[in-house]
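A closer look at the structure
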Amino acid sequence: MIQIERVILYHVKMKLKQHFKTSLGTIKEREFIIVEVKDQTGLTGWGEVSAFSSPWYTEETIETCYHMLRAFFIPNVLTRSFTHPSEIPDSLYHFKGNKMAKAGIEAAVWDIYAKREKKSLHEVLGGTRKKIPSGVVVSLGPIDDMLAQIQQYVEEGYQRVKVKIKPGQDIGLIQKIRERFPDLPLMADANSAYELKDISKLKQLDDFRLLMIEQPLSADDIVDHRHLQKHLKTAICLDESICSLDDARKAIELGSCKVINVKPSRVGGLTEALKIHTFCKELQIPLWCGGMIESGISRAQNVALASLPQFTIPGDISASSKYWEQDIIFPEIKVENGFIEVPTTPGMGVEVDYKALRSFSDKIDVFTKNDFMK
Ligand code: OSB
Ligand code: MG
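Definitions and limits used
Residues numbered from 1 in each chain as written. Chains lettered and ligands numbered in written order. Predicted model: local features only at pLDDT ≥ 70, side-chain atom pairs only at ≥ 80, totals over all residues. Heavy atoms only, no water. Helix = DSSP H or I, 4+ residues; strand = E, 2+ residues; numbered from the N terminus. Rg over C-alpha atoms; globule rule 2.2 N^0.38 Å. Buried < 20%, exposed > 50% of the residue type's maximum accessible area, 1.4 Å probe, protein only. Contact = heavy atoms within 4.5 Å. Areas by Shrake-Rupley, 256 points an atom, 1.4 Å probe, with all protein chains shown as cover. Lys, Arg positive; Asp, Glu negative; His and termini not counted. Charge placed at Lys NZ, Arg CZ, Asp CG, Glu CD. Phe/Tyr/Trp six-rings, centres within 6.5 Å; stacked < 30°, edge-to-face > 60°. Donors = N, O, S within 2.8 Å, 3.2 Å for Na, K, Ca; no water. Pairing = 2+ DSSP bridges. Bend = angle between axes of the 7 residues up to and from the residue. Near = heavy atom within 4 Å. Polar contact = N/O pair within 3.5 Å; in protein donor to acceptor, adjacent residues only side chain to side chain. Salt bridge = Lys/Arg side-chain N within 4 Å of Asp/Glu carboxyl O. Right-handed = clockwise from strand over helix to strand, strands pointing away.

1. What to know about the overall build of the chain
- Within the chain, the secondary structure is distributed over 14 helices and 16 strands.
- Its C-alpha radius of gyration of 20 Å places the chain within 12% of the 21 Å reference for a compact globule of 374 residues.
- Its C-alpha atoms give the chain principal-axis dimensions of roughly 65 × 40 × 35 Å.
- Each of the 374 residues in the chain was classed as buried or not, and the buried ones make up 58%.
- Here the analysis covers contacts within the chain between residues at least 6 apart in sequence; of these, 72% occur between residues at least 24 apart.
- For the chain, the exposed surface amounts to about 15,400 Å²; the carbon and sulfur share of it is 50%.
- For the chain, the distance from the average position of its 49 positive side-chain charges to the average position of its 50 negative side-chain charges is 1 Å.

What follows is the structure, encoded as C-alpha cells:
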C-alpha cells in the first residue's frame with residue numbers, strides 16, 4: 001500500500017537558452033511546478049506540471065494548476081492509500097478537467113511506485129526499447145536562422161526535425177528546407193493556425209514528402225480534421241485535439257488523423273497515455289511522444305514512455321541542453337548518435353539536483369497528511 005505522507009510544490013522559473021516561437025506566441029522563460037511526494041517508507045517521487053504561464057496551449061495555467069493541486073488534488077492524495085498509480089486518475093475523476101495538474105501529481109506517484117518495486121519506470125510502464133530515437137523542434141524565426149538550426153541538429157545526430165509553421169510562413173519555408181535537406185525526415189506543426197477553408201494551401205504541402213502535419217486545425221476539433229485528411233495525402237497527426245483515450249478512439253474512427261502525438265501531461269497522466277498506447281497498438285496507429293519544453297523530470301518520464309512498442313516514430317524528446325544551460329536532474333538527458341538511452345535504475349532513472357531546483361524556485365510549499373486529517 002502506498003501512503004503519501006507529504007507533498008512539496010516547487011514553483012520554478014527557468015530561462016530558455018533561445019526564445020521559442022510558435023504560431024500562437026513566443027516563450028522566453030519557462031514556469032513550472034515541480035511536485036515532490038514522499039511515502040510512508042521515506043521514498044521520494046517526482047512529477048512536473050507542464051502547463052504554461054498563460055493558457056495558449058491548453059486552458060490551464062501554472063497558477064490554475066497550483067490552485068487545483070492545493071485545494072483539491074493534494075488533499076485527496078494525502079488522505080487515501082494506493083496500490084497502484086493508475087488509481088490516482090480514478091480517485092480524481094470527480095474533479096473535471098485540469099489534466100496537467102493531475103498529470104503532475106500522478107507522475108510523482110508513478111516514480112514512487114517504480115522505486116518501491118525496485119524497477120525502472122520504463123519497466124513498470126511496459127517499455128521494451130533500450131534506447132529511443134530522438135527528434136527535435138525548430139521554432140519560427142527568420143528562415144536563414146531556421147535552416148542553420150536544422151543543419152546544426154542534423155550534425156548533432158537528431159533523427160527527425162519538426163518545424164513550426166503558420167500562415168505566411170509555410171509552403172515557402174518547407175520548400176526551402178526540402179531543397180537544402182532533400183532526405184531529412186521532416187514534419188510541420190501548425191498549432192491550430194489554419195481553418196478548413198485553407199485546404200488548397202495545405203494541399204500544397206503534399207509535394208514535400210512530410211512525415212505528417214501536426215494539428216493544422218482547431219484544438220477542439222476532430223470533425224473538420226476528418227474532411228481535411230480526406231483531401232490530403234500527407235498524414236495528419238493530432239496533438240491538442242487528443243486529451244483522452246476517448247478522443248483518440250473517436251478521431252481514429254472518424255479518420256481525422258493517422259498518427260497521434262502523445263503527451264502524458266495533455267491527457268491527464270501516464271495512465272491515460274498507456275490506455276491510448278494499448279488502443280493504438282491494436283489498430284497499428286503510429287505514436288510518438290511529444291514535448292512541452294520540459295525540465296529533465298518530464299523528459300526522463302517521456303523517455304520511459306517512448307520506450308513502449310507503439311512509439312514507432314522519433315518524438316520531440318531532445319537533449320536537456322536544447323533548452324537549458326543547466327537542467328534540474330543528473331545525469332542530464334543526452335543524445336548520442338541520434339538516440340537517448342533508456343535508464344534502467346529504479347524509478348525515472350535520474351536524480352533531482354536539489355541545489356539547482358532550489359535555485360530556480362521562487363516559492364516552495366509543503367503539505368502533510370496532518371494538514372488534512374481531521
Ligand atoms: O505543439 O508540440 C507542440 C512546445 C510547447 C507546447 C506545444 C508544443 C511544443 C513543441 C516543442 O512543439 C516540444 C519540445 O521541444 O519540448
Ligand atoms: Mg504540437
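Now that the structure has been shown, we can carry on.
2. Digging into the packing of aromatic side chains
- Per the counting criterion, the structure on display carries twelve aromatic pairs.
- Their ring planes at 70° and their centres at 5.9 Å tell us that Phe20 and Tyr323 sit as a pair that is edge-to-face. Of the two residues, Phe20 sits in strand β1 (residues 2–22) while Tyr323 sits in the loop between α12 (296–306) and β13 (329–330), which places them 303 residues apart along the sequence.
- Where Trp110 meets Tyr113, the ring centres are 6.2 Å apart and the plane angle is 90°; that geometry is what we call edge-to-face. Separated by three residues within a single helix, Trp110 and Tyr113 lie in helix α3 (residues 99–116), roughly one turn from each other.

3. Some remarks on the coordination of the magnesium ion (ligand 2)
- Around the magnesium ion (ligand 2), the protein supplies Asp189 (OD), Glu214 (OE) and Asp239 (OD) as donor atoms, at distances of 2.1 to 2.3 Å.
- Binding-site remark: the magnesium ion (ligand 2) is held by donors from one chain whose sequence spacing is D-x24-E-x24-D. Taken as a pair, Asp189 in strand β8 (residues 186–189) and Asp239 in the loop between β10 (236–238) and α9 (245–254) lie far apart in primary sequence, 50 residues in all. Residue Asp189 shares its accessibility class with Asp239, and that shared class is buried.

4. Notes on the sheet that holds β10
- Spatially, β6-β7-β8-β9-β10-β11-β12 is the arrangement adopted by the seven strands of the open sheet, whose pairing is parallel. Each edge of the open sheet is held by one strand with a lone partner, namely β6 (135–138) and β12 (287–289).
- As judged from the four bridges shared by strand β7 (residues 160–164) and β8, these two strands associate in the parallel manner. By the bridge assignment, Lys164 is partnered in β8 with Asp189.

5. What to know about helix α1 (residues 62–78)
- Of all bends in α1, the biggest is about 50°, found at Leu69.
- Turning to α1, its buried residues number three or more, namely Ile62, Cys65, Tyr66, Met68, Leu69, Phe73, Ile74, Pro75, Asn76, Val77 and Leu78.

6. Quick look at the site of ligand 1
- Around ligand 1 there are 17 residues in total, and Lys164, Asp189, Asn191, Ile293 and Tyr323 lie nearest to it.
- Within the side chain of Lys164, an N or O atom sits 2.8 Å from an oxygen atom of ligand 1.
- For ligand 1, an oxygen atom lies 2.8 Å from a polar atom in the side chain of Asn191.
- Contact with the protein chains covers 99% of the free accessible surface of ligand 1, which is 380 Å².

7. Let's talk about the pattern of salt bridges
- For the coordinates displayed, the defined rule picks out 18 salt bridges.
- Of the charged contacts in the structure, one is a salt bridge between Asp170 and Lys201, with a shortest N-O distance of 3.9 Å. Within this pair, whereas Asp170 is found in the loop between β7 and α6 (171–180), its partner Lys201 is found in helix α7 (residues 199–203), the two being separated by 31 residues in sequence.
- Residue Lys263 pairs with Asp239 through a salt bridge whose shortest N-O separation is 3.0 Å. Here Lys263, found in the loop between β11 (259–262) and α10 (264–267), pairs with Asp239, found in the loop between β10 and α9; they are 24 residues apart in sequence, far enough to count as distant. Comparing Lys263 with Asp239, the two get one shared label, buried.

8. A word on the pairing of β8
- Covered by surrounding structure in β8 are Leu186 and Ala188 together with Met187 and Asp189, the residues of both alternating faces.
- In this region the chain leaves β7, passes through α6 and returns to the parallel neighbour β8; the handedness of that crossover is right-handed.
- One ladder, built from two bridges, connects β8 with strand β9 (residues 213–214); its direction is parallel. By the bridge assignment, Ala188 is partnered in β9 with Ile213.

9. Points about unusual backbone geometry
- Residue Pro331 follows Phe330 across a cis peptide bond; omega there is -10°.
- Here Pro331 lies in the loop between β13 and β14 (339–341).
- A positive phi is found at Asn191, a non-glycine position, where the angle reads about 40°.
- Inspection of the secondary structure assignment puts Asn191 in the loop between β8 and α7.
- When its relative accessible area of 2% is taken as the criterion, Asn191 is described as buried.
- We note that Gln215 has phi near 40°; this positive angle belongs to a residue other than glycine.
- As for its placement among the helices and strands, Gln215 is situated in the loop between β9 and α8 (223–231).
- Taking the relative accessible area as the measure of exposure, Gln215 reaches 0% and is therefore buried.

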